[in-house]
Amino acid sequence: LTLLPRLSFPFQQKYHLHMTMLVEKIALLIAICVLTADVSCGFVLDPSMHQSTSLASTLEGDDVGGDGTIIWQMKRDKCDEWLDRVLIERSSDAPTIFSVASSVVEGYMSNANTSSPLLRRVPYCHDDFGVSTTQQSGDEQFEPLFGIYSNENDIGLVSPTRFSKKNRKRTNLKLAIAYRGQSFCGWEDQRHELYRNRSNSSTNSSSTNNADQPLPSVQGTLADILGPVIGNSPTNTKPIEIKVAGRTDRGVSAIGQVCRVRTWNEIPNVEAYVQELVNREAVDNDLGLRITNVEQVGPDFHPSFGASSRSYVYLIDLEDDTDDKETPGITRDLVPRLDRMLRELEGKELDYFAFSHGKVKTQTTLCTLYHSKVSIVEYIGGDEHKRQALCFELVGNRFLRRMVRLLVGTALREAYRGGEDDSLKLIILSRDRRERSRAAPPDGLMFVRAET
């Protein structure tokens, strides 16, 4: 700086400009570091603060930052350890604890053209006459489970005729879809591994282990099947646009997912054509996917923004005959308390931040559950042995990421603990993610319906 006065005036200006830019860059880097530390999940907790009887020693994958920094830690006790043993750590044994859920999905996809119900409600216990078969408020949202209707017809496929967009009317189609969650990486098209044609599959099957292949997405599978048919150009490599009512995670099934596709092409009997095309391709390649209904809708139809409610069920097989006295399973004795806890949430707009996962990307975390209850259901889809399951029924205007699975896990923990009827509500009001349990596995969760 002492030499600065001796330099020429233009050089002094250039020197000041470089120093100013350097200071600005340093300030920007500091700001980025601060924001990365503080905003990645809303807040960072000091592990020494808010200690409980047993602080969580295991965290879910997304709960730890890329640099290994612990974003938050759950408060855990013996009831959380019970939940791990009877549900979360047993998720790999799906045929045992999620056999009813699996049978419902498979039964619905294979028998969607009948009106035979797959489930029926049963009393909590032998002397409980409070559960009736009369329809209650919100039960109509679960008609696909307790009464199935479809108008599927088998038709021949006719190649579509392509036209220019000029002076043409765009066709908007509403699709109702059922799919097996274990066959997909989730709804959203990741473009890692889309629907693979049979030639590639046959070429790689001998040298590649299928278990190492990434799973396709539901959206990507539909886009690859329908793109060549309803797309504007056969040579267009951009996937067709598919809007959906509710994006599901890996392993989550659906029996009534709603989505929308559009086309400028003139296709005779387009509804039946699209349904038959996808279903025939799904059967030939065992995709775990089925379209149950297609109908034309207006240009303003949007399955996400236009949905007034979304419905989910979570099914867990009941384990009344357990020999492990030290670790009782999920039995019917928990149902009355579970039902009272869930009904406390009905009809109230609450901030469900505590039951959200990861960084919140929505404008608000306020949600309203119109219908929330727990019952015992029996699978009546053809088995000689009538299997019973715990059934969580949830209908709401919107759901946050993993919200249903977090509610199910926490409700089971609180019921086993002997919590009060407002236990879930108090956790919601606390907005403290450490108060909840781990999320229940995705195997038992099904997207049932969207009211559009």
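Note: the structure precedes this text.
Residues numbered from 1 in each chain as written. Predicted model: local features only at pLDDT ≥ 70, side-chain atom pairs only at ≥ 80, totals over all residues. Heavy atoms only, no water.

Peer 1: Explanation requested: the overall build of the chain in the structure shown.
Peer 2: Secondary structure assignment for the chain yields 11 helices and 12 strands. Taken over 452 residues, the chain has a buried fraction of 46%. Of all intrachain contacts in the chain linking residues separated by at least 6 positions in sequence, the fraction that spans at least 24 positions is 80%. Counting only carbon and sulfur atoms, one obtains 50% of the accessible surface of the chain, whose full area is about 23300 Å². (Helix = DSSP H or I, 4+ residues; strand = E, 2+ residues; numbered from the N terminus. Buried < 20%, exposed > 50% of the residue type's maximum accessible area, 1.4 Å probe, protein only. Contact = heavy atoms within 4.5 Å. Areas by Shrake-Rupley, 256 points an atom, 1.4 Å probe, with all protein chains shown as cover.)

Peer 1: I would appreciate a short explanation of the environment of Thr263 in the present structure.
Peer 2: Tracing the backbone shows Thr263 in strand E6 (residues 253–263). Thr263 sits 33 residues away from Ile230 along the chain, and the two C-alpha atoms are 5.2 Å apart. Residues in contact with Thr263, not counting those within four places in the same chain, are Arg170, Thr171 and Ile230. Within polar-contact distance, the side chain of Thr263 engages the backbone oxygen of Ile230 at 2.9 Å. At 3.0 Å, the side chain of Thr263 and the backbone nitrogen of Asn265 are in polar contact. (Polar contact = N/O pair within 3.5 Å; in protein donor to acceptor, adjacent residues only side chain to side chain.)

Peer 1: What exactly am I supposed to notice about the pattern of salt bridges here?
Peer 2: Inspection of every chain in the model, using the stated rule, returns 19 salt bridges. Here Asp84 ties to Arg76 by a salt bridge, and the two come within 2.5 Å at their closest N and O atoms. For the salt bridge of Arg449 with Glu451, the shortest nitrogen-to-oxygen distance reads 3.7 Å. Under the relative-accessibility criterion, Arg449 is labelled partly exposed at 24%. (Salt bridge = Lys/Arg side-chain N within 4 Å of Asp/Glu carboxyl O.)

Peer 1: Any chance you could explain the packing of aromatic side chains here in plain terms?
Peer 2: The geometry of an aromatic ring pair comes down to the distance between the two centres and the angle between the two planes. Enumeration over the complete set of coordinates arrives at five aromatic pairs. Ring centres of Tyr179 and Phe184 lie 6.1 Å apart, and the angle between their planes is 80 degrees; on these two criteria the pair is classed as edge-to-face. An aromatic cluster is built from Tyr312, Phe399 and Phe447, whose rings are joined through pairwise contacts. (Phe/Tyr/Trp six-rings, centres within 6.5 Å; stacked < 30°, edge-to-face > 60°.)

Peer 1: Would you mind going over the environment of Tyr379 with me for this structure?
Peer 2: Structurally, the position occupied by Tyr379 is in strand E10 (residues 366–379). Overall, Tyr379 belongs to the buried group, its relative accessible area being 5%. Separated by 259 residues in sequence, Tyr379 and Arg120 place their C-alpha atoms 6.9 Å apart. Apart from residues lying up to four places away in sequence, Tyr379 is in contact with Val100, Ser103, Val104, Leu118, Leu119, Lys386 and Arg387. For Tyr379, the side chain forms a polar contact with the main-chain oxygen of Ser103, separated by 3.5 Å.

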